[in-house]
Each structure stands twice: as C-alpha cells, then as structure tokens.
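A look at the structure
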Amino acid sequence: MAAVGTMAAMGPLPTMGTLPPLPTLGVPGVPELKPLTRYEAMRLGPGWSHSCHAMLYAPNPGMLFGRIPLRYAVLMQMRFDGLLGFPGGFVDRRYWSLEDGLNRVLGLGLGCVRLTEADYLCSHLTEGPHRVVAHFYARQLTLEELHTIEISAVHSRDHGMEVMGMVRVPLYTQKDRMGGLPNFLANSFVGTAKFQLLFALKILNMVPEEKLAEAVAATQRPKKAAIDHSGGHHRAGNELARAGNELGERGEHHGMVHGGAEQLVGLEGEAEGLEQSDEQGEGME
C-alpha cells in the first residue's frame, strides 16, 4: 500500500478559503525545515536543485527478545562517507521528472523498486548556502517484499561503493532509555535525512510524537564518563605499596627488618609477614 501524500494526510481540502498550514515536525531539539507543497516546489526557478529520497517500510509483527515489539521495519543506507541516509539522490529537472529521476537512482542502489507520485510525502527547503529543495517519498511494503529489496541491494551496482549496506531503523526504546531509537538517532546523518526520518515516523503514525521527543532528548543528555578499568590495577598497586611501607615501618619500629619481608608477593603474603613480625616483636619486648 502506498503511503499517502502530505495533503491527503491532512484530510479533505476545504471548499473555500485558504488551505490549512502544512504539517511541521514539532520535536524539540530538531530544527524545523520550511515545508512547501509539491506545486510550490515545481514552480521554483532554475537556480534551485531538487533531491529525491525514499523511505521503504513494512509492518513487522516481530518481538525482540520475545517482549519488545518491533512494529515496523524501516530501511536506510550506510553511505560511502560513513553517514546514514535514504536511498535516492539529486534529480536533473531538465531531463527527468521527480519520480523518473528517483527511480533511476533507486535502480542503481536497490535494483527492484519503482515509486510513483502516489508515494510522494513532502517537500522542504534545506538550510545552508545551497538552494536545494528536498522531496521525500514513502512506500509501504510487506515484510517479504522489503526483505527481497534488502537481498537485491547486495547485488546492485552501488553496493560496496557508494552504498556500504542497508540498515533497519530500531523504532523501540529499551529500559535504559538509550538502546534502540535514541542510540540510532545519535549517529551522523547526511543532509535532511534525520529530519525526514522523524517527520515520516510522525506523519505516518509509526511512532507517537511524545516517544520521538523522548528519543531525541535522550541523545542530547551528557554521556556518562566511561569506566577506566585500568584504574583498578593502579589502585591495587598502590594498596600493595602502602602495605609494603607499613610492613617496613613496623619492622623498623621493632628492629626486625629482614630481607625475607622484602620478597613477599601479594597482599596475602604481606599480611602473613606482618603477623609474624608483630609476634616476634612482642617476644623481644
């Protein structure tokens, strides 16, 4: 089933008056991008570039560890530059329609999927010095169809070159409040990909808005300092040195510093030597 477009998602259009405002993301911590209709986007002048990307997803009834519902399988890509993004790319409007250009790029990276205007979801103006309008599409598939695309992607022309591989987005949050979606969002994304992911998850009712906000907020909390396991070894060494010093002081106090005490190894051996030294000291007194 194809995903509904942004305008359709807002319900029937009014018969008169102005159109309702386009939906926004509204998630704290994520900068908003200016939305515009497809009609407005197509009327932009020749100084604008057009990028088209697609989110392929499928309902997933699976349960992680038998208790965490997966809900949906959502595909993204690990790119050649180490950034996460959606399949797609720039479309030269002089030669291609948006969908024809998108399908041409998808054919190189996925190999077996074609999208239509019915899969169109939204358009946004990007930030920065470059004049780019980002178009986004979403297509709902069955889990079997999605898996077929994952297999096909491995044999596509771009695999191992511009595309390092497909990844599924975890839409759940584990009890530690970081595992799952929060950790995924802490990765680096290319361009508008992170915004488009969150926007689609919200508009298509795949993740509740409050859960999206919690996941984003979790990525902005200060990370706990990593535990320095080597510190334990340093502490043990210091304790050993202190025990040796105490042993020497006691022996000196009783006039019984022996070479054997200097050869004791480990805290247990030193404790034994300390006991013997004390006993001998008491006998001498």
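These figures come from a predicted structure and were not determined experimentally.

Some details on the packing of aromatic side chains
The final tally for this structure, using the stated rule, is five aromatic pairs. Taking the centre distance of 5.8 Å and the plane angle of 70° together, the rings of F184 and F189 count as edge-to-face. Note on accessibility: F184 and F189 belong to one class, buried. Positioned over the ring face of Y120 is R38, at 5.3 Å from the centre of the ring.

Quick notes on the packing of helix α6 (residues 193-203) against helix α7 (residues 209-219)
Close contact between α6 and α7 brings their axes to 9 Å; oriented N to C, the two are set at 155°. The angle between α6 and α7 falls in the class roughly antiparallel. Two packed elements cross with a definite hand, and for α6 against α7 that hand is right-handed. Note on element contacts: α7 touches α6 through E209, L212 and V216, opposite L198, L201 and K202. Residue composition of the contact of α6 with α7, grouped by class: four nonpolar, no polar and two charged.

Thoughts on the side chain of E99
When you line up the elements, E99 lands in helix α3 (residues 98-109). If we ignore the near neighbours within four places in the chain, the residues touching E99 are R38, L115, T116, E117 and Y137.

Some thoughts on the nonpolar core
Grouped together as the largest cluster of nonpolar side chains are 34 residues, with contacts concentrated most on M55, M76 and L197. Put simply, the parts of the chain that give this core at least two residues each are β2 (49-64), β3 (68-79), β6 (120-125), β7 (132-140), α5 (181-185), α6 and α7. A total of eight residues in this core trace back to one element, the largest contributor, which is α6. Ignoring anything within four residues of it in the chain, the contact list for L197 reads M55, V74, M76, F86, V169, F184, L185 and F189. Core analysis: the second largest hydrophobic core is formed by 19 residues, L98, L141, L146 and I149 among them.

Cut-offs and rules
Residues numbered from 1 in each chain as written. Predicted model: local features only at pLDDT ≥ 70, side-chain atom pairs only at ≥ 80, totals over all residues. Heavy atoms only, no water. Phe/Tyr/Trp six-rings, centres within 6.5 Å; stacked < 30°, edge-to-face > 60°. Buried < 20%, exposed > 50% of the residue type's maximum accessible area, 1.4 Å probe, protein only. Lys NZ or Arg CZ within 6 Å of the ring centre and 35° of its normal. Axes fitted to C-alpha atoms, helices over the stretch in contact; angles between N-to-C directions. Helix = DSSP H or I, 4+ residues; strand = E, 2+ residues; numbered from the N terminus. Parallel < 35°, antiparallel > 145°, perpendicular 65-115°, else oblique. Left-handed = near helix turned anticlockwise from the far one by under 90°. Contact = heavy atoms within 4.5 Å. Nonpolar A, V, L, I, M, F, W, Y, C, P; charged D, E, K, R; others polar. Core = buried A, V, L, I, M, F, W, Y, C linked by side-chain atoms within 4.5 Å.

All quantities given are derived from atomic positions and should not be read as evidence of function.
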